[in-house]
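Coordinate analysis (summary)
Next come the chains, spelled out residue by residue.
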Amino acid sequence: MALTAYVAPIVDSTDVFKPDIFKGKVLFCTGGGSGICRAMTEAIMRHGAQSTIVGRKLDRLTQAAQELSASTGKTCLACQGDVRKPETLRDAVAKTIEKYGRIDFVICGAAGNFLAPISGLSENGFRTVMEIDTIGTYNTIKATLDHVRKSRGAYIHVSATLHYNGTPYQAHVSAAKAGVDALSAVLAVEEGPHGVRSNVVAPGPIAGTEGMDRLSAKGPDRSRHGFELIPAGRMGDMRDIANAAVFLFSGAASFVTGQVLPVDGGTEHMRSTQ
Ligand code: HXC
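The paragraphs below set out a description of the structure included in this document.

Reading the values: rules and limits
- Residues numbered from 1 in each chain as written.
- Predicted model: local features only at pLDDT ≥ 70, side-chain atom pairs only at ≥ 80, totals over all residues.
- Heavy atoms only, no water.
- Near = heavy atom within 4 Å.
- Polar contact = N/O pair within 3.5 Å; in protein donor to acceptor, adjacent residues only side chain to side chain.
- Areas by Shrake-Rupley, 256 points an atom, 1.4 Å probe, with all protein chains shown as cover.
- Core = buried A, V, L, I, M, F, W, Y, C linked by side-chain atoms within 4.5 Å.
- Buried < 20%, exposed > 50% of the residue type's maximum accessible area, 1.4 Å probe, protein only.
- Helix = DSSP H or I, 4+ residues; strand = E, 2+ residues; numbered from the N terminus.
- Contact = heavy atoms within 4.5 Å.
- Patch = residues over 30% accessible without salt bridge, like charges linked within 9 Å, V, L, I, M, F, W, Y side chains within 5 Å.
- Salt bridge = Lys/Arg side-chain N within 4 Å of Asp/Glu carboxyl O.
- Lys, Arg positive; Asp, Glu negative; His and termini not counted.
- Charge placed at Lys NZ, Arg CZ, Asp CG, Glu CD.
- Expected span 1.5 Å × (residues − 1).
- Bend = angle between axes of the 7 residues up to and from the residue.
- Pairing = 2+ DSSP bridges.
- Axes fitted to C-alpha atoms, helices over the stretch in contact; angles between N-to-C directions.

Looking now at the site of the ligand. The local shell around the ligand holds 19 residues, among which Arg56, Arg84, Asn113, Ser122 and Asn124 are the closest. Between the ligand and serine 122 there is a distance of 2.6 Å, counted from an oxygen atom to a side-chain nitrogen or oxygen. Within the side chain of asparagine 124, one N or O atom sits 2.8 Å away from an oxygen atom of the ligand. Within the complex, the protein chains bury 60% of what would otherwise be the 1100 Å² of accessible surface of the ligand.

Within the largest apolar cluster, 24 residues are counted, with the highest numbers of intra-cluster contacts made by Met40, Ile44, Ile107 and Phe249. At the level of secondary structure, the elements contributing two or more residues to this core comprise β1 (26-30), α1 (35-46), β4 (105-108), β5 (154-158) and α7 (238-249). Per-element tally for this core: the top contributor is α7, with seven residues. The residues contacting isoleucine 44, other than those within four sequence positions of it, are Phe22, Leu27, Ala49, Phe105, Ile107, Ala245, Val246 and Phe249. In this structure, Val54, Leu89, Ile103 and Val148 belong to the second largest nonpolar core, which totals 21 residues.

A surface patch of like charges, here positive, comprises Arg56, Lys57, Arg60 and Lys85. Along the chain, the position of arginine 56 falls in the loop between β2 (50-55) and α2 (58-72). What makes arginine 56 exposed here is its relative accessible area of 52%.

So, about helix α4 (residues 123-151). Between its first and last C-alpha atoms α4 spans 40 Å; for 29 residues at 1.5 Å apiece the expected length is 42 Å, and the two agree. Its axis deflected by about 55° at threonine 144, α4 carries its strongest bend there. Of the residues one or two after α4, arginine 152 is the one with positive phi, at around 50°.

Peptide bonds are, in most cases, trans, and in most cases residues other than glycine have a negative phi. Positive phi, close to 50°, is recorded for arginine 152, a residue that is not glycine. As for its placement among the helices and strands, arginine 152 is situated in the loop between α4 and β5. A relative accessible area of 57% places arginine 152 in the exposed class. With a phi close to 70°, tyrosine 169 is a non-glycine residue in the positive phi region. Along the chain, tyrosine 169 turns up in the loop between β5 and α5 (171-191). Accessibility expressed as a relative area gives 45% for tyrosine 169, which makes it partly exposed.

Right, let's talk about the sheet that holds β1 for a bit. Strand order in the open sheet made by the seven strands is β3-β2-β1-β4-β5-β6-β7, with parallel pairing throughout. With one partner strand each, in any of the chains shown, β3 (76-80) and β7 (260-263) form the two edges of the open sheet. Strand-to-strand twist of the sheet, defined as the mean angle between neighbouring strand axes without regard to direction, takes the value 20°. Where β2 and β3 come together, five bridges link them in parallel fashion.

Below, the structure written as structure tokens:
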């Protein structure tokens, strides 16, 4: 199939949405110290929200919180926590409520990954990724739900597209992310009557992320590898994911819940035609 030379533009959400749509709102984001989750946090703060970011490495988290505050003019609280340990999430939620008094939006973003075939994957390796991605998502929902109900807020779960097919060396993450998608769907159905929405963002190939670096180490020309398989004509940018998060948390998505939104430039549909 011949593709045109069109390359989808990268835009900032502030070019599309008003800068104050999240004024007075509070975001709680696991994994917010780096990568895609940090980019989502920054975009939501740029629209007026204050935030808490949760992660394991306090030094990196503290630096990220300072940089996010400086670039957005909004407050960002750094809370050390491990999504595998519910008590650390409860502690981060308590600190968030103490500081801001509410939680409106939750991003369940903390994740772990490495490449390993099933034959070379230890029981503990499989369990570790399930515990971070799937059980960590459950733990985050449990720790925040009462507050999100009060604010009639919303969840975004960061998943992936690799479990739509049998992606080699990714059994652990594929199983874990399928579980994340399922949790989000059930949350949407159960909590819809309480005014809570829940959606999944499924990033495709996003440049500059730890996940992409780990999965695409194919040699010196890897930055060009696979471009012909991306209908949008380019690698994804973290801002593409951030823009999707702004939309899904905004009032423009008030009738959107229980959905999985792949942000992948059409890659998965392209793959299915191979
Ligand atoms: C095989 C491995 C391994 C590897 C770890 N393990 N790395 N097995 N190949 N490369 C095994 C270990 O041997 C151990 O099993 C078990 O996993 C736990 O490892 P630990 O290092 O003790 O765990 P921990 O310190 O908690 O680290 C968790 C982690 C790590 C997932 C292993 O990589 C991590 O913290 N990652 C966080 C950052 C990250 O991965 N970000 C990328 C997310 S991208 P044994 O049997 O030896 O005890 C993403 C998107 C996916 O999720 C989609 C992309 C397109």
